[in-house]
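Now for the letters of each chain:
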Amino acid sequence: MALPLLLGQLLALMGHGGAFYLEVRELEEKCFIQEIPDGTVVIGNYKTELYDPAMEKYQPSPQWINLFVFVKDPENKNLLARQYGPQGSFTFTSQSPGEHQICLHLESIRFALFYDGKLAIHLDMQLGEHTNDYAEFAAKDKLTQLHLRVQQLVEQVELIQKEQEYQRWREERFRQTSESTNQRVLWWSILQTFILVATGVWQMQHLKSFFKAKKLV
């Protein structure tokens, strides 16, 4: 497998998620980082396309092309590692807040047919409240528009609470990092001062011994 190609996109996955368009070659891995609060359901809807040199454009991928999805949490633990078809969706739930790494790569059963060929991935990431199909809920539970709106508001409040907790967690982590950095700077300054004083004392003793040896004092 090719080494991961980190896109360097640090996107806050607050609100509605994000849409991506990626051009890849077989076995080339594309990774991106998303900041996700804990306990958040994330759904990725995707479709893949294979470049047709004859028509000079991308066409829907055949069934023998598979998408592999790997998701790791901030502790580098695997949340998802699974193979999917050329079009569909994947789902995972975050267990801890912070930066989640999501990696995608395409493989084919008949890789020789398009070796070194170009492929494209269309990906739409949704999370929290935006992963719910309220029309389906209304039909299944026979909810009125008022009940449905109340349900939406309740879930929006829960999402806001999660986002607030996540922001507090980030502030606390930043404060701890700042305090740790300040403490290290303080100890480094003390060490530098000690080294300077010790060097000065050593130089004075050395000069004193030198003058005594020369009988200048």
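Let's talk about the nonpolar core
- In this structure, Val-69, Phe-90, Phe-92, Leu-104 and Leu-123 are the most contacted members of the largest nonpolar core, which totals 25 residues.
- Listed by contribution, the elements that provide at least two residues to this core are β2 (18–25), β3 (30–36), β4 (41–52), β6 (65–72), β7 (78–84), β8 (87–93), β9 (98–108) and β10 (118–127).
- Per-element accounting of this core gives the leading share, five residues, to β10.
- Sequence-distant contacts of Phe-92, defined by excluding residues within four places in its chain, comprise Ile-36, Thr-40, Val-41, Val-42, Val-71, Leu-79, Leu-80 and Ile-102.

Some thoughts on the confidence of the model for the protein chain
- Of all residues in the protein chain, 76% have pLDDT values of 70 or greater, and the mean over the chain is 78.
- Per-element confidence in the protein chain is highest for β7, whose mean pLDDT is 92, and lowest for strand β1 (residues 5–12), whose mean pLDDT is 39.
- Residue range residues 1–16 is modelled with pLDDT below 50. Its contacts to residues more than four positions away, or to other chains, number 49 contacts.

Remarks on the state of the cysteines
- With the rule as written, the count across this model stands at one disulfide.
- Covalently, Cys-31 is tied to Cys-103 through a disulfide, its sulfur atoms 2.1 Å apart. An S-S torsion of about 110° defines the bridge between Cys-31 and Cys-103 as right-handed. With Cys-31 in strand β3 and Cys-103 in strand β9, the pair connects residues that are 72 residues apart, well separated along the chain. Summarising the burial analysis for this pair, Cys-31 and Cys-103 share the class buried.

Examining the pairing of β4
- With seven bridges joining them, β4 and β8 adopt antiparallel strand pairing. Across the sheet, residue Tyr-46 finds its bridge partner in β8, namely Gly-88.
- Where β4 and β10 come together, nine bridges link them in antiparallel fashion. Directly across from Asn-45, in β10, lies its bridge partner Asp-124.
- Two successive antiparallel strands, β4 and strand β5 (residues 57–60), enclose a turn made up of four residues, where Glu-56 displays a positive phi of approximately 60°.

Considering a nonpolar patch on the surface
- The grouping of Trp-188, Leu-191, Phe-194 and Ile-195 at the surface amounts to a nonpolar patch, some 440 Å² of accessible area in total.
- Along the polypeptide, Trp-188 turns up in helix α2 (residues 145–213).

Focus on the pattern of salt bridges
- In total, this model carries three salt bridges according to the counting rule given.
- One network of salt bridges, in which partners are shared, links Glu-172, Arg-175 and Glu-179.

Description of the packing of aromatic side chains
- What the rule picks out here adds up to five aromatic pairs.
- Here Tyr-46 and Tyr-84 contribute two aromatic rings whose centre-to-centre distance is 6.4 Å and whose plane-to-plane angle is 70°, an arrangement assigned as edge-to-face. Taken together, the residues span a long stretch of sequence, with Tyr-46 in strand β4 and Tyr-84 in strand β7 at a distance of 38 residues.
- You can call Tyr-46 buried: its relative accessible area is 5%.
- Judged by relative accessible area, Tyr-84 falls into the buried class, the value being 12%.
- Through pairs of rings, three or more aromatic residues link up here, namely Tyr-46, Tyr-84 and Phe-90.
- The lysine or arginine in question, Lys-118, covers the ring of Tyr-51, its NZ or CZ lying 4.3 Å from the ring centre.

Here's the deal with unusual backbone geometry
- Phi angles above zero are rare outside glycine, and Glu-56 is one such case at about 60°.
- Within the secondary structure layout, Glu-56 lies in the loop between β4 and β5.
- Judged by relative accessible area, which is 61%, Glu-56 ranks as exposed.
- Non-glycine residue Asn-76 carries a positive phi angle of around 65°.
- With respect to the secondary-structure elements, Asn-76 resides in the loop between β6 and β7.

Here is what the cut-offs are and how they apply
- Residues numbered from 1 in each chain as written.
- Predicted model: local features only at pLDDT ≥ 70, side-chain atom pairs only at ≥ 80, totals over all residues.
- Heavy atoms only, no water.
- Core = buried A, V, L, I, M, F, W, Y, C linked by side-chain atoms within 4.5 Å.
- Buried < 20%, exposed > 50% of the residue type's maximum accessible area, 1.4 Å probe, protein only.
- Helix = DSSP H or I, 4+ residues; strand = E, 2+ residues; numbered from the N terminus.
- Contact = heavy atoms within 4.5 Å.
- pLDDT = per-residue confidence, 0-100.
- Disulfide = S-S within 2.5 Å.
- Pairing = 2+ DSSP bridges.
- Patch = residues over 30% accessible without salt bridge, like charges linked within 9 Å, V, L, I, M, F, W, Y side chains within 5 Å.
- Areas by Shrake-Rupley, 256 points an atom, 1.4 Å probe, with all protein chains shown as cover.
- Salt bridge = Lys/Arg side-chain N within 4 Å of Asp/Glu carboxyl O.
- Phe/Tyr/Trp six-rings, centres within 6.5 Å; stacked < 30°, edge-to-face > 60°.
- Lys NZ or Arg CZ within 6 Å of the ring centre and 35° of its normal.

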